[in-house]
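Spelled out, the chains give:
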Amino acid sequence: MSDENFFGFPGDLPPNLAMLQLITGKWVMQAIYVAAELGIADHLKGGPRSSRDIARVCGTQEDATYRLMRALANVGVLDERDSRTFALTPVGESLRSDVPGSMRGYARFVGYKPTWAAWGEALHSVRTGEPAIDHLFGKNLFEYYATQLEESAIFDDAMTSISTVEAHAVAAGYDFSGIGTLADVGGGHGYLLATILEANPTMQGILFDQPHVVTGAPPLLRERGVDERVRIQGGSFLETAPSGADGMIMKHIIHDWNDEDCVRILRNCHRALPKGGRMLIVE
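Residues numbered from 1 in each chain as written. Predicted model: local features only at pLDDT ≥ 70, side-chain atom pairs only at ≥ 80, totals over all residues. Heavy atoms only, no water.

1. So, the pattern of salt bridges
Close approach of charged atoms allows side chains with opposite charge to pair. Applied cut-off: We count a salt bridge whenever a side-chain nitrogen from Lys or Arg sits within 4 Å of a carboxyl oxygen from Asp or Glu. Only runs of H or I of at least four residues qualify as helices and only runs of E of at least two qualify as strands under DSSP, and these elements are numbered from the N terminus. Only protein chains enter the accessibility calculation, which uses a 1.4 Å probe; a residue is then buried when its area is under 20% of its type maximum, exposed when over 50%, and partly exposed in between.
Taken as a whole and assessed by the stated rule, the structure comprises 11 salt bridges. Residue Glu 62 pairs with Arg 52 through a salt bridge whose shortest N-O separation is 3.2 Å. Of this pair, Glu 62 sits in helix H5 (residues 62–74) while Arg 52 sits in helix H4 (residues 51–58); the two residues are 10 residues apart in sequence, bridging distant segments of the chain. Of the charged contacts in the structure, one is a salt bridge between Arg 81 and Asp 79, with a shortest N-O distance of 2.7 Å. Taking relative accessible area as the criterion, Asp 79 reaches 32% and is therefore assigned partly exposed. One continuous salt-bridge network, built from bridges that share partners, spans Lys 45, Glu 93, Arg 96 and Asp 98.

This is the structure:
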């Protein structure tokens, strides 16, 4: 057995020190978020650079940048060399924006203000059962994003980022034969749908999400070579679902909603599917 626990902390730590590691985990997350927001990994992709160079290209304060990079080296994201020089580790490479499986988009989402502020209201959610976003902004997350397009774009990039970890497993793990047209309901920019279509070259696709979300889908679909096989449709799955598909898939959708809304979403999908249609849930 490993002498480390799930979080990578030594398994023989005294309980109070193990708890201290857990409590201070927020510092690690914010350090990763700042690095992702500044694009530090992209600036290091050509090889080691000094913290002074990174501060110059990022427009940040030199000593504070060194402290940030030293903290990232301490948790294995960077490798500190001589003379305040740093290089990417294999883990740090995943913060680059131009690599397969990049986690930069997800790091930005987890650390930026709406997500960070909402987690700060977790006590309210546990006491009341009310989503923290609703409490903070007076509307649900997706209503909020519909009016905050810059923040919505960060969320959309994060969903694409996490899909790079899961989409190929979904495409390989299910037999899609017999589905002529697959609708990805709440499909964001279409990474999952594109991956499934690549693996099933005779299949057609429908990408369905809120109008302000799907406007960002065409570049990704073109890049993946499936744009001519996908119909893009804007709408709300709380109100309707796209017609014309004999299979529907939803990834990381149902967990966002209470039981009543989940039934409403699934009922809308059921109404739009033909007899014998398939409803696939990825959670």
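2. Some points on the sheet that holds strand S5 (residues 204–209)
As a reminder, the rule being used: If DSSP finds at least two bridges between two strands, the strands pair. The angle between two axes is taken between their N-to-C directions and runs from 0 to 180 degrees, where each axis is a line fitted to C-alpha atoms and a helix contributes only its stretch in contact. Throughout, a residue-residue contact means that at least one pair of heavy atoms, one from each residue, lies within 4.5 Å.
With parallel pairing, five strands are arranged side by side in an open sheet as S6-S5-S4-S7-S8. Because the sheet does not close on itself, it has two edges, and the strands there are strand S6 (230–234) and strand S8 (278–282). This sheet shows a mean twist of 20° between the axes of neighbouring strands, independent of strand direction. As paired elements, strand S7 (residues 247–251) and S8 share five bridges and run parallel to each other. Within the sheet, the bridge partner assigned to Gly 247 lies in S8 and is Arg 278. Most of the contacts of helix H13 (residues 191–199) go to S5, to which it runs at about 175°, and overall it touches strand S4 (181–185), S5, S6 and S7.

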